[in-house]
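Here are the chains, one letter per residue:
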Amino acid sequence: VAGVVSVLAVEAGWITAEVGRQPWIVWGQMMVADAVTDIGAGPIWASFSVLVVVYALIAWGFVALLLRMRLRWRRQDTPLPGPGDDGPPGPDRAPQPAEARR
Amino acid sequence: VTAADVVAAVLLLAIAAYACGGGADYGAGFWDLTAGDEDRGARPRALVDHAMAPVWEVNNVWLVFVLILTWTGFPRVFEAVLSTAWAAVVLGGVGLVLRGAGFALRKPTRDRVRRRRYTVIFGVSSIVAPFFFAAVLGGVASGRIPVGNRQGHPVTSWLNPTSVVFGVLAVTASAFIAAVFLTSDARRDGSSDLEAWAGRRTVLAATALAVVAVVGLVVVRFDARPLFDGLVSGWGLAFVLVAVVATAATVWLVRRRTLRGTRLTAILAVASVVLAWGAAQWPYLLPPTLTIDAGAGDPDTLRWLLIVTGIAVVLVAPALALLYRLDLGDRLAADQDADLSAEHATPEAP
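Residues numbered from 1 in each chain as written. Chains lettered and ligands numbered in written order. Predicted model: local features only at pLDDT ≥ 70, side-chain atom pairs only at ≥ 80, totals over all residues. Heavy atoms only, no water.

### A few points about the overall build of chain B
Moving on, step 1. Looking only at helices and strands, chain B features 14 helices and 2 strands.
Moving on, step 2. With the C-alpha coordinates aligned to their principal axes, the bounding extent of chain B is approximately 65 × 35 × 35 Å.
Moving on, step 3. Burial statistics for chain B: of 350 residues in total, 49% are counted as buried.
Moving on, step 4. Restricting the contact set of chain B to residue pairs at least 6 apart, pairs at least 24 apart contribute 79%.
Moving on, step 5. Accessible surface computed for chain B: about 15,800 Å², of which carbon and sulfur atoms make up 70%. (Helix = DSSP H or I, 4+ residues; strand = E, 2+ residues; numbered from the N terminus. Buried < 20%, exposed > 50% of the residue type's maximum accessible area, 1.4 Å probe, protein only. Contact = heavy atoms within 4.5 Å. Areas by Shrake-Rupley, 256 points an atom, 1.4 Å probe, with all protein chains shown as cover.)

Rendered as structure tokens:
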């Protein structure tokens, strides 16, 4: 929960700062209306969607890889004897002693 | 010589450094993609992995530096280039992100199908990224990116004969410098078959580079006459000749199997191509109108920018020098392979 809430807190602070300084983009120097690009809304949506899709795919690949590595390490771990043994590092280290005791 | 001139020269040098460092990375991705099927390409890919992993994405430091120098030193150029040629910049950036992800995700993946998928992502985006970044420079060089907010054409500013020449040249030059580096890396690893593999690709890439350069000059002659005139006279011509001689010398040395010094001649060749372009359009930032002095930011900002650049060089240069030295001496890769073999002491698949 702390992880999720900390991200929420960072985002909320960011939004406060961004909304709070409207209508200035550089406080007292430049208005947002003067700074905005002349590129239309369509292309902005297009490039934004491309970025969202690309990062979503990478995130998906990354999480899937982590899950597979966890499985792989778990399979490698089981034959190792004794709880004092230094198994390979990985997210499955914590549950391992519990399994050994059982 | 004004402060703006110095900043412009530093900017050009930074682009040349990215063409060499980033180019070697991109080119390695190109050879990785074209290495053949899983069995035939296994050893070349291991060589690429071994050569790239320790310095992975470090070379993008140069790209960040180029961007910061441009928007701080020449804000009007930054505005003009990004608002007009944004599509090419986005495509190049997506390529950059995908190649990093493809390379990183392939390494711990064991499954053959997934490995092949990441190999294709890594390889294709290693071609896409340099092509589009260079295509933007081609738009600048051929005078298609006018001053102001989105004043140029959103497509033909980066999809035009000169931009295509720049893009293909960037991909070819990347393949060339990467092949030269991989030849030396293979020699260092003591595998003579891979040394021959990379040596053949050095000759191939140099030949392709020569063809692209000649065709490119003809295209530029008709598409961007001022750029052509700059390339065949004065400093532009001087750098073109240096590039030709350095490329020929590299090929000669590689074929003689005298690899000491080939990294330097390859760097000289690729950097000279960038410098030739810079000299050809000097003193214009955005030909045919915006000069370096007219496009420069506030003089105080420029002075501080140079001071900060000096500090950055002092701070970053030793770190980079140490990294490259350790990498060339194979001391990083050794550590990493030790980690890997410990981690995968009992792999479930061969």
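### A short note on the overall build of chain A
Moving on, step 1. Of the regular secondary structure elements, chain A holds 4 helices and 2 strands.
Moving on, step 2. For chain A, the α and β elements follow one another from N to C terminus as α-β-β-α-α-α.
Moving on, step 3. Split into buried and exposed, the 102 residues of chain A put 14% on the buried side.
Moving on, step 4. Per element, the accessible surface of chain A, about 7,700 Å² overall, is 71% carbon and sulfur.

### Quick word on the packing of aromatic side chains
Residue and element names in this part refer to chain B.
Moving on, step 1. Here the structure, examined in full by the defined rule, presents 9 aromatic pairs over all chains.
Moving on, step 2. Considering the side-chain rings of F132 and W158, the 5.8 Å spacing of their centres and the 70 degrees angle between planes classify their relative orientation as edge-to-face. Taken together, the positions of F132 in helix α6 (residues 112-141) and W158 in the loop between α6 and α7 (161-189) put the pair 26 residues apart, joining distant regions of the chain. Neither residue differs from the other here; F132 and W158 are each classed as buried.
Moving on, step 3. The rings of F131, F132 and W158 are connected pair by pair, giving a single aromatic cluster.
Moving on, step 4. The ring of F222 has R221 sitting right over it, with the charged end atom 5.1 Å from the ring centre.
Moving on, step 5. Across the ring face of W252, the terminal group of R256 is positioned such that the distance to the ring centre comes to 5.0 Å. (Phe/Tyr/Trp six-rings, centres within 6.5 Å; stacked < 30°, edge-to-face > 60°. Lys NZ or Arg CZ within 6 Å of the ring centre and 35° of its normal.)

### Quick word on a nonpolar patch on the surface
All names here are of chain B.
Moving on, step 1. Taken together, V61, W304, I307, I311, L315 and V316 make up a surface patch of nonpolar side chains, about 590 Å² in accessible area.
Moving on, step 2. Examining the composition of the nonpolar patch, we find that 5 residues originate from one element, helix α13 (residues 299-328), more than from any other.
Moving on, step 3. Structurally, L315 is set in helix α13. (Patch = residues over 30% accessible without salt bridge, like charges linked within 9 Å, V, L, I, M, F, W, Y side chains within 5 Å. Salt bridge = Lys/Arg side-chain N within 4 Å of Asp/Glu carboxyl O.)

### Some points on empty space enclosed by the protein
All names here are of chain B.
Moving on, step 1. Inspection of the entire model under this criterion finds 1 cavity of 30 Å³ or more.
Moving on, step 2. Looking at the largest cavity, its volume works out to about 30 Å³.
Moving on, step 3. Around the largest cavity sit Y18, G22, D25, Y26, E57, N59, N60 and R99, which together line it.
Moving on, step 4. When residues of the lining of the largest cavity are assigned to their parent elements, the largest contribution, 4 residues, is made by helix α1 (residues 3-33).
Moving on, step 5. The class makeup of the residues in the lining of the largest cavity is 2 nonpolar, 3 polar and 3 charged. (1 Å grid on protein atoms, 1.4 Å probe; cavity = no way out; pocket = protein on both sides within 12 Å on 5 of 7 lines; lining within 4 Å. Points joined across faces, edges and corners; volume = space filled by probe spheres on them. Nonpolar A, V, L, I, M, F, W, Y, C, P; charged D, E, K, R; others polar.)

### A look at the packing of helix α2 (residues 42-52) of chain B against helix α8 (residues 192-223) of chain B
Residue and element names in this part refer to chain B.
Moving on, step 1. Running from N to C, α2 and α8 point in directions that differ by 85 degrees, and their axes come no closer than 11 Å. It follows from the interaxial angle that α2 and α8 lie roughly perpendicular. Along the contact surface, α2 presents R43, P44 and L47, while α8 presents D193, L194 and W197.
Moving on, step 2. Its residues assigned to classes, the contact of α2 with α8 shows 4 nonpolar, no polar and 2 charged. (Axes fitted to C-alpha atoms, helices over the stretch in contact; angles between N-to-C directions. Parallel < 35°, antiparallel > 145°, perpendicular 65-115°, else oblique.)

### With respect to the packing of helix α3 (residues 60-73) of chain B against helix α4 (residues 75-84) of chain B
All names here are of chain B.
Moving on, step 1. Running from amino to carboxyl end, α3 crosses α4 at an angle of 115 degrees, the nearest separation of the two axes being 5 Å. In this view, α3 runs roughly perpendicular relative to α4, as classed from their interaxial angle. Listed contacts from α4 to L67, T70, W71, T72 and G73 of α3 are P75, V77 and F78.
Moving on, step 2. Taken together, the residues that form the contact of α3 with α4 break down as 5 nonpolar, 3 polar and no charged.

### Regarding the side chain of B:S272
Residue and element names in this part refer to chain B.
Moving on, step 1. Within the fold, S272 resides in helix α11 (residues 262-281).
Moving on, step 2. Since its relative accessible area comes to 2%, S272 is described here as buried.
Moving on, step 3. Once residues lying within four places of it in the same chain are set aside, the contact partners of S272 are F239, V242 and A243.

### Considering the nonpolar core
All names here are of chain B.
Moving on, step 1. One finds W31, F74, F176, L182, L227, W277 and L286 to be the most contacted residues of the largest nonpolar core, which totals 80 residues.
Moving on, step 2. Among the elements that make up this core, the one with the highest residue count is α7 (13 residues).
Moving on, step 3. The residues contacting W277, other than those within four sequence positions of it, are L12, I15, L137, A141, F166, L227 and L231.
Moving on, step 4. With 6 residues, the next largest nonpolar core counts Y26, L63, L96 and F133 among its residues. (Core = buried A, V, L, I, M, F, W, Y, C linked by side-chain atoms within 4.5 Å.)

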